[in-house]
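Observations on chain architecture
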Amino acid sequence: MKKHSFFRKTVFALMATTALATACQSNTSAGEGEETATASADSTATADQNYLSQPLVTDIYTADPSAHVFNGKIYIYPSHDIDANVPEKDDGSHFAMKDYHVFSMDNPDAKIVDHGVALDIQDIPWAGRQLWAPDAAFKDGTYYLYFPVKDKEDVFRIGVATSSSPTGPFKPQPQPMDKTFSIDPAVFVDTDGSAYMYFGGIWGGQLQRWSTGTYKTSDEYPADDQPALTAKVGRLSSDMTSISGDVQNVQIVDQDGKPLLTGDNERRFFEAPFMHKYNGKYYFSYSTGDTHNIVYAIGDSPTGPFTYQGVLLKPVQGWTNHHSIIEYDGKWYLFYHDTQLSGKTHLRNIKMTELKYNPDGTIQTITAYNG
Ligand code: FUB
């Protein structure tokens, strides 16, 4: 598998910032320029006009926004990024988050409200470290918060917590959900009430360690010319806290019906799965990770197969790209994140922008960053 390291995009970002700094400081020598660039990348160096939209939350760092409309209001369930002073590594150890806040907006133009800590890692009996991208769902008066976290053996698993309020506090189940593993749970409730959980992420997300169905401590990827690892999907049982039946692969195929291959870094699944439905079709979207796009594929069933369509969101500032999509009052909105406030890849800020469809059902590609 071609591995484009975590650092590669950082280096490109620094080169771009260096060019900017050098242009602005014509008397600066190359060596000094590099220092300025490094310092600039760790502060807010990029002009506001380079961003399509501005951060929704500015007093804490937030990422991986999972947005939902519950009772006519928008609720956002993001990761809460913190600076834990963990060095940057390909396994994502520097994303060392410890709790979740829930946010709400009365409508897409309204002020965002922080409802405080909804779940703390200390209250999850089996959790070790790294509370990553969550999602939420509602059924029969109960709100469900799904979350990935490493257990005490450092294996990512998915847990679920419940509350009678969309803003929590959420009470976690005593054990992780059976049949789930890896990261980035995304729950989709179809129009007939059936609910599905999509999950998985390679590299730091450990999906490549589950090829046999049980966890192995070593990484195992298919060869570049073989079908790529892909997200998993399982149907949620009526209690919304367990998977009924088997977990399946989310098959993503090209326009000729052939599965995307491991070496196809521009299109294959990496992490951040998401499902939404538009005009009766199922849109499976995800991050390509080391090529930094959010892309999408369309299918006729929530479990696929899905035919690859193209890029939905181009790379944002920062290494990761992660999103969710909602409909509100007949318009569609994309929630995503970047690193505008910090310039640091693990200290992100959530954003939103309108998402538009073409008449044929394809999505108009969004460029959110001109860095
Ligand atoms: O926030 C930690 C991880 O970064 C998420 O789980 C991934 O999707 C990426 O955004």
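Going along each chain's sequence as written, the residues are numbered from 1 onward. In view of the model being predicted, local features appear only for residues whose pLDDT reaches at least 70, and side-chain atom pairs are presented and counted only at 80 or more, with totals across whole chains, interfaces and linings using the full set of residues. Computation of side-chain values covers all heavy atoms of the structure but excludes hydrogens and water.

Re the site of the ligand
What counts here: When we say a residue is near a molecule or strand, we mean one of its heavy atoms is within 4 Å of it. Distance and chemistry together define a polar contact, namely a pair of N or O atoms within 3.5 Å, with one atom able to donate a hydrogen and the other to accept it when in protein, and with adjacent residues in sequence counting only for side-chain atoms on both sides. Calculation of accessible area relied on Shrake-Rupley with a 1.4 Å probe; when residues are assessed, cover is drawn exclusively from the protein chains displayed.
Contacts to the ligand come from Asp64, Ser79, Met97, Trp132, Ala133, Asp184, Glu271, Thr320, His322, His337 and Arg348. Within the side chain of aspartate 64, a nitrogen or oxygen atom sits 2.5 Å from an oxygen atom of the ligand. Here an oxygen atom of the ligand sits 2.7 Å away from a polar atom, N or O, in the side chain of histidine 322. Considered on its own, the ligand offers 280 Å² of accessible surface; in the complex 99% of this is hidden by protein.

Observations regarding the sheet that holds strand β1 (residues 61-70)
As a reminder, the rule being used: Two strands pair under a simple rule: DSSP has to find at least two bridges between them. Helix and strand labels come from DSSP, where a helix needs a run of H or I of at least four residues and a strand needs a run of E of at least two; each type is numbered from the N terminus. Between the N-to-C directions of two axes lies an angle of 0 to 180 degrees, each axis being a line fitted to C-alpha atoms and, for a helix, fitted only over the stretch in contact.
With antiparallel pairing, the four strands of this open sheet are ordered in space as β1-β2-β3-β4. Strand pairing shows two members of the sheet lacking a second neighbour, β1 and β4 (112-120), which therefore form its edges. When strand polarity is set aside, the average angle formed by the axes of neighbouring strands in this sheet is 25°.

Some points on unusual backbone geometry
A negative phi angle is the norm for most residues apart from glycine, just as the trans form is the norm for most peptide bonds. Which entries qualify depends on this criterion: Remark: exposure states derive from per-residue accessible area (1.4 Å probe, protein chains only) relative to the maximum for the residue type, with buried under 20%, exposed over 50%, and partly exposed in between.
Here the residue pair glycine 168 and proline 169 is connected by a cis peptide bond, since its omega of 0° sits within 30 degrees of zero. Here proline 169 lies in the loop between β8 (156-163) and β9 (171-172). With an omega of 5°, the peptide bond between glycine 304 and proline 305 qualifies as cis. Summarising the element assignment, proline 305 is placed in the loop between β17 (294-299) and β18 (306-313). Although it is not a glycine, aspartate 154 adopts a positive phi angle of roughly 70°. Owing to a relative accessible area of 29%, aspartate 154 belongs among the partly exposed residues under this scheme.

Focus: the environment of isoleucine 76
Threshold: Any two residues whose heavy atoms approach within 4.5 Å are treated as being in contact.
Relative to the helices and strands, isoleucine 76 resides in strand β2 (residues 73-81). A residue is classified by how much of its surface remains accessible, and isoleucine 76, at 0% relative accessible area, is buried. Distance from isoleucine 76 to aspartate 114, taken between C-alpha atoms, is 9.6 Å for residues 38 residues apart in sequence. Sequence-distant contacts of isoleucine 76, that is, excluding residues within four places in its chain, are made with Leu56, Pro65, Ser66, Ala67, His101, Val102, Phe103, Met105, Ile112, Phe335 and Ile350.

Quick notes on the packing of aromatic side chains
Under the convention used in this document: Pairing of aromatic rings covers Phe, Tyr and the six-membered ring of Trp, with a centre-to-centre limit of 6.5 Å; geometry is then stacked below 30 degrees between planes, edge-to-face above 60, and tilted otherwise. Only lysine NZ and arginine CZ atoms are considered, and such an atom sits over a ring when it is within 6 Å of the ring centre and within 35 degrees of the ring normal.
Scanning the model with the defined rule gives 28 aromatic pairs in all. Judged by centre distance (6.1 Å) and plane angle (85°), the ring pair of phenylalanine 95 and tryptophan 132 falls under edge-to-face. In this pair, phenylalanine 95 is assigned in the loop between β2 and β3 (99-105) and tryptophan 132 in the loop between β5 (127-129) and β6 (135-139), connecting sequence segments 37 residues apart. The same class applies to phenylalanine 95 as to tryptophan 132, namely buried. Three or more aromatic residues link up through ring pairs in this structure, and these residues are Phe70, Tyr75, Tyr77, Phe138 and Tyr143. The ring of tyrosine 308 is capped by arginine 267, whose NZ or CZ atom sits 5.3 Å from the centre of that ring.

As for the environment of aspartate 264
Checked against the element boundaries, aspartate 264 lands in the loop between β14 (252-253) and β15 (271-278). A relative accessible area of 18% places aspartate 264 in the buried class. C-alpha of aspartate 264 to C-alpha of aspartate 224: the two residues are 40 residues apart in sequence and 7.6 Å apart in space. Side chain to side chain, aspartate 264 and arginine 267 meet in a polar contact 2.8 Å long.

Describing the sheet that holds strand β10 (residues 186-189)
Strand pairs in the sheet, formed through backbone hydrogen bonds, run parallel or antiparallel to each other. Strand order across the open sheet formed by four strands is β10-β11-β12-β13, with antiparallel pairing between neighbours. Edge strands, defined here as strands with exactly one partner in the open sheet, are β10 and β13 (243-249). Strand-to-strand, the axes of this sheet are offset by a mean angle of 20°, without reference to chain direction. In this sheet, strand β12 (residues 232-236) lies alongside strand β11 (residues 195-199) in antiparallel orientation, the contact comprising four bridges. By the bridge assignment for β12, methionine 197 is matched with glycine 234.

Things to note about the pairing of strand β20 (residues 331-338)
Judged by how many residues are buried, β20 sits mostly within the fold: seven of eight residues are covered. Strand direction decides the pairing type here: strand β19 (residues 324-328) and β20, joined by five bridges, are antiparallel. Across the sheet, the residue bridging to glutamate 327 is tryptophan 332, located in β20. Pairing of β20 with strand β21 (residues 349-355) involves seven bridges; the strand directions are antiparallel. Bridge pairing in β21 links histidine 337 to isoleucine 350.

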